[in-house]
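Chains, contacts and geometry: an overview
Listed below, chain by chain, are the residues.
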Amino acid sequence: MGDWLRSTAAELADALAAGETTSVEVTRAYLDRIAAVDPAVHAFLHVDADGALAQAAASDERRAAGTLLSPLDGVPIAVKDVLTTAGLPTTCGSRILEGWVPPYDATVVRRLREAGLPILGKTNMDEFAMGSSTEHSAYGPTHNPWDLDRIPGGSGGGSAAAVAAFEAPLAIGTDTGGSIRQPGAVTGTVGVKPTYGGVSRYGLVALANSLDQAGPVTRTVLDAALLHEVIGGHDPLDSTSIDQPLPALVEAARQGATGDLSGLRIGVVTELSATGGQGGWQSGVMSRFQESVDLLVEAGAEVVEVSCPTFVHALATYYLILPAEASSNLAKFDAMRYGLRVWPEEGASAEDVMRATRDAGFGDEVKRRIILGTYALSSGYYDAYYGQAQKVRTLIARDFDAAFEKADVLVSPTAPTTAFRLGEKLDDPIAMYLNDLATIPANLAGVPGISVPSGLADEDGLPTGFQVLAPALADDRLYRVGAALEAALTARWGGPLLDRAPALEGGAA
Amino acid sequence: MSETLVPFDEVLEAYDPAMGLEVHVELNTASKMFCGCPTEFGAEPNTQVCPTCLGLPGAMPVVNRRAVESAIRIGLALNCEIAEWCRFARKNYFYPDMPKNFQTSQYDEPICFEGHMDVEVDGETFRVEIERAHMEEDTGKSLHVGGATGRIHGADHSLVDYNRAGIPLIEIVTKPILGAGAKAPEVARAYVAQLRDLIVALGVSDARMDQGSIRADVNLSLSPKGSGTLGTRTETKNVNSLRSVERAVRFEMSRHAAVLGRGEAILQETRHWHEDTGVTTSGREKSDAEDYRYFPEPDLVPVAPSREWVEELRATLPENPTARRARLQAAWGFSDLEMRDTVGAGALDVIEQTIAAGTSPQAARKWWLGELARRANEQGVDVPDLAVTPADVARVQALVDEGSLNDKLARQVFDGLLAGEGSPDEVVAARGLAIVSDEGALSAAVDAAIAAHPDVADKIRDGKVAAAGALIGAVMKEMRGQADAGRVRELILEKLQ
């Protein structure tokens, strides 16, 4: 049974097709694994064992009847708790939504159901996706399976840790400034932020609407492509969703895995590395990055240096646009219709209840960003802050355009450091924000990005990530380059990176 | 607390009024502004809702194309420019009946801008400049329970109905209307009346002020006569009849003049209009410090109506109301004065519909501007909002024409209609209003009258036919009005000649 836990989603799909196992058997194995290791990892906020097993049984029946819904029919998945699930609690890691059971499925969730993937449960996250460590969850932090004293990244630390700890073969994350890719980097997993508009946001509880994007969290590049094809594509319920077909992602991943990148131009972004960027870049992260670039060159790619001067303003821009949008999005949490309701005293007015509920229901980081955003949008400050940030955002998009004239994809380390210790940056918001330095520009410009494991840093033995960015709508390039790098590294390591993660207490895997 | 007021005429000796009107029009689209929920009025509370219009976490808006179409048609009818590209914006403020605690509206990029409408008052034309017409969504509706007034103050608890949340609205905003002087109240009323006629003609709204599908906010300020400046304004909210628009302007002019006359400053604030007492009272203070933190709605892509579409919509516009009035006046043979009264009473449509139902123009005018206008005035409503339909009026007149009713009886039929007693025929039957055509009874009444007034009878016998009037009156009195006066006259003459 342990074998199924370590199988990739693609392998599980093959095994199910060959009749070597059943969806119920696989799903039960993952539920057992969750029961064994999640007390230590805390990747899940809610596990739906009965629902997942019922969906698995239905999948097995479809298989027997020859009416499969998709190539991943029967392969279980975990979903970040920021996507609405009909009948399953959705908290966004916040007290203010404690006990809320949405009456509707997010489009991504609906597509998972329509493709036959049993949903194991909902994964932990920083409250309303605000954070880079999952320490801002109101329900306690998630622990990095590589070292339980360290953070799993954030905001989607739960999804990344679930996949890294073999509690799920697949997961859904959301990425507003790196919340899929940075957890991927620090947990040794694959994370993809699709092109903005490539995956429906309907039912994704918005952090920053103009930046949010849901995407795959997996152990391999091919699995990410398979999952991306299930959840992607136009949705009439999201007016920002792109009305054109997805590129052939699985095909790109398979082609990339052959290891031939001849003719491909790779742009190393000066501003997103130790040579030209801000922040503290860990030397082990830079070494693994350089090795990966060298491997891509060996695969036939050509390397060019590109400069994107405005990227140094990305973090500041992001921390005006995000809080502005978030401050408005979070206004709806007012105790009137759902979630937490706090009565400060007998006979309190609606306004009193709103105030008391928001005070008790939101954590400090959420309050910090509501205050920042409210300020940035205020009359008299709008032009200087929000308005100016939108202009810089346009410049960042232009830098991308110029860079993609010179290179087919851009590359950088995903995050400047490996996983830090729980609590280490909790009292230093700026240090926390710097984690997303390399991932934020893609969100500001709407372009897609992937993080692929690139090895372990020499100084601490913890995973590092390699980021690939492509032009909008060219998500297939991420998969081609990512799969080529993954193939070269796996060959060098003699197996997947996650094989080197320490065994978890209680788990046989 | 009663306000000190300055008599209207004295206001004008010292001040020039400036007005600004903001009119909200609820569109009659089948579905809401940003979701597929139905929009019918009067459904059970909270039955026409979904994740989007309830503002549930994760839900997203999608623009209703039909609402954009209506907005463009309204804009074109108001001679506006139509934006080639515009966006929605969030207007952020907390209120329990607002699901998201922001209203999705338009801010600095309205879909329609820079238009005008020519308004006629007493034969004089005023041009009202339109600043903008923009799209937005309505809020839910709060019902305050347990208080004496239905207002939130003193209420025990509140209920919220979200059926109205997300209903598409068009807000039409004028530029300051200057130079109307003594006619300011009438100009305000005529503008709203004409706008309503236009909305009806476009077919984009139910246009029922009594149901709130057209709501007017009246901004007013005074400035020292001839100064050419603009004074501090007040905004009187939700003035929901044409008559009230006029009264609210008149009241605020008198009140402002009184405040200024005392050497005090006008407080920039929202005021509530009280239909029953005809006064405004202070609402919340509205200063420039009120900050809605507008920013472009990131969940919606810009609206970019193609020029081809705009031209297609232009071709669907109905007849211009001014041209229509000229056409109808000619067709009906109304004098200028009669037409002005008709338009002034807001009775153009009901008279047209009555005529279409077979009534002569003069008869239709007589009822609507006479008896029914008087009733409307008594009830404090506008003529078209009376519980009498053009079809009712046409039927009553038909009964008069065929001799079943006379004018006096017809008025009693209207009593019944206004009391909700059913159709004209049902009222006639239930109240026994038909003219007595029993010749025997009539003949007996005539005989009795002759016997009672022998001197009058003698005059008629002597050929003084004009004296018959007195006998007719006596018979009608005896028959309690339910007789055909013409037939009575015939009988009298038959018997005495």
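Residues numbered from 1 in each chain as written. Chains lettered and ligands numbered in written order. Predicted model: local features only at pLDDT ≥ 70, side-chain atom pairs only at ≥ 80, totals over all residues.

Take the overall build of chain B next. A tally of helices and strands in chain B yields 16 helices and 14 strands. Across its three principal directions, the C-alpha atoms of chain B cover 90 × 55 × 55 Å. Of all 497 residues assigned to chain B, the portion counted as buried reaches 43%. Here the analysis covers contacts within chain B between residues at least 6 apart in sequence; of these, 69% occur between residues at least 24 apart. (Helix = DSSP H or I, 4+ residues; strand = E, 2+ residues; numbered from the N terminus. Buried ≥ 20, exposed ≤ 12 C-beta atoms within 10 Å, placed from the backbone. Contact = placed C-beta atoms within 7 Å.)

Residue and element names in this part refer to chain B. Between helix H8 (residues 348-356) and helix H9 (residues 361-379), whose axes approach to 9 Å, the crossing angle comes to 135°. With respect to each other, H8 and H9 are oriented oblique. Crossing hand, H8 versus H9: right-handed. Contacts between H8 and H9 involve Val 350, Ile 351, Thr 354 and Ile 355 on the former and, on the latter, Pro 361, Ala 364, Arg 365 and Trp 368. Taken together, the residues of the contact of H8 with H9 sort by class into six nonpolar, one polar and one charged. (Axes fitted to C-alpha atoms, helices over the stretch in contact; angles between N-to-C directions. Parallel < 35°, antiparallel > 145°, perpendicular 65-115°, else oblique. Left-handed = near helix turned anticlockwise from the far one by under 90°. Nonpolar A, V, L, I, M, F, W, Y, C, P; charged D, E, K, R; others polar.)

Residues and elements named next belong to chain B. Between its terminal C-alpha atoms helix H13 (residues 439-452) stretches 20 Å, which fits the 20 Å expected from 14 residues at 1.5 Å a residue. Those residues of H13 that fall on the buried side of the exposure criterion are Leu 442, Ala 445, Val 446, Ala 449 and Ile 450. Seen from one end, H13 has its buried residues packed into an arc of 140°, which puts them on one side. Facing away from the buried side of H13 by more than 90 degrees, the exposed set consists of Gly 440, Ala 444, Ala 451 and Ala 452. Looking at the buried residues of H13, the elements they touch are helix H14 (454-461), helix H15 (468-478) and helix H16 (485-496). (Expected span 1.5 Å × (residues − 1). Arc of directions from axis to C-beta.)

With that out of the way, let us pick up the environment of A:Gly19. Secondary-structure assignment places A:Gly19 in the loop between helix H2 (9-17) and helix H3 (23-41). In this structure the C-alpha to C-alpha distance between A:Gly19 and A:Ala64, which are 45 residues apart in sequence, comes to 9.8 Å.

Taken together, the contact between chain A and chain B spans 33 residues of the former and 24 residues of the latter. Secondary-structure elements contributing two or more residues to the side of chain A that touches chain B are helix H11 (314-329), helix H12 (350-361) and helix H13 (364-377) of chain A. For the side of chain A that touches chain B, the element with the most residues is H11(A), which contributes three residues. A per-class count over the side of chain A that touches chain B returns 17 nonpolar, ten polar and six charged.

Now for the confidence of the model for chain B. In this model, chain B carries an average pLDDT of 91, and 97% of its residues clear a pLDDT of 70 or more. Our summary of model confidence lists the complex with pTM equal to 0.86 and ipTM equal to 0.95. (pLDDT = per-residue confidence, 0-100.)

Once that is clear, we can look at the domain arrangement of chain B. Interface size is commonly expressed as the accessible area that is lost once the parts come together. Residue and element names in this part refer to chain B. Taken domain by domain, chain B holds domain 1 (17-251 + 268-314), domain 2 (321-431) and domain 3 (439-496). Using only C-alpha atoms to locate each centre, domain 2 and domain 3 end up separated by 32 Å. If you look at the interface, domain 2 gives four residues, while domain 3 gives four residues. Across the side of domain 2 that touches domain 3, the residue classes break down as one nonpolar, two polar and one charged. (Domains from an automatic or database assignment.)

All right, on to the environment of B:His453 then. All names here are of chain B. Take His 453: it is sitting in the loop between H13 and H14. His 453 gets classed as partly exposed once you count the C-beta atoms within 10 Å, which come to 16. Considered as a pair, His 453 and Ala 474 are 21 residues apart in the sequence and their alpha carbons are 9.3 Å apart. Among residues more than four places away in sequence, those in contact with His 453 are Ala 470, Leu 471 and Ala 474.

Residue and element names in this part refer to chain A. Strand order in the open sheet made by the eleven strands is S1-S3-S2-S4-S6-S5-S10-S11-S9-S7-S8, with mixed pairing throughout. Taken across any chain shown, the strands that pair with only one partner, and hence form the sheet edges, are strand S1 (44-47) and strand S8 (302-306). Averaged over all pairs of adjacent strands, the angle between strand axes in this sheet comes to 25°, irrespective of strand direction. For strand S2 (residues 77-80) and strand S3 (residues 119-123), the ladder comprises four bridges, and the chain directions are parallel. Across the sheet, the residue bridging to Ala 78 is Gly 121, located in S3. (Pairing = 2+ DSSP bridges.)

Residues and elements named next belong to chain A. Domain assignment breaks chain A into domain 1 (2-312 + 393-500) and domain 2 (313-390). Once you take the C-alpha centre of each, domain 1 and domain 2 turn out to be 28 Å apart. For the side of domain 1 that touches domain 2, the secondary structure elements donating two or more residues are helix H14 (383-406), helix H15 (429-433) and helix H16 (440-445). Residues that form the side of domain 1 that touches domain 2 fall into these classes: 19 nonpolar, nine polar and four charged.

With that out of the way, let us pick up the pairing of strand S11 (residues 234-239) of chain B. All names here are of chain B. Bridging between strand S10 (residues 214-224) and S11 involves four bridges; their strand directions are antiparallel. From the neighbouring strand, Ala 216 faces S11, where its bridge partner is Val 239. Examined bridge by bridge, S11 and strand S12 (residues 269-274) share three bridges and lie parallel to one another. Of the residues in S12, the one forming a bridge with Lys 237 is His 272. In the classification by handedness, the crossover that spans S11, the intervening helix H4 (residues 242-261) and the parallel S12 is left-handed. (Right-handed = clockwise from strand over helix to strand, strands pointing away.)

Once that is clear, we can look at the sheet that holds strand S4 (residues 102-105) of chain B. Residue and element names in this part refer to chain B. Read across the sheet, three strands follow the order S4-S3-S14 without closing on themselves; strand pairing throughout is antiparallel. Of all the strands in the sheet, just S4 and strand S14 (295-296) have a single pairing partner and so form its edges. The pairing of strand S3 (residues 89-92) with S4 spans four bridges and is classified as antiparallel. Following the sheet pairing, Ala 89 is matched in S4 by Ser 105.

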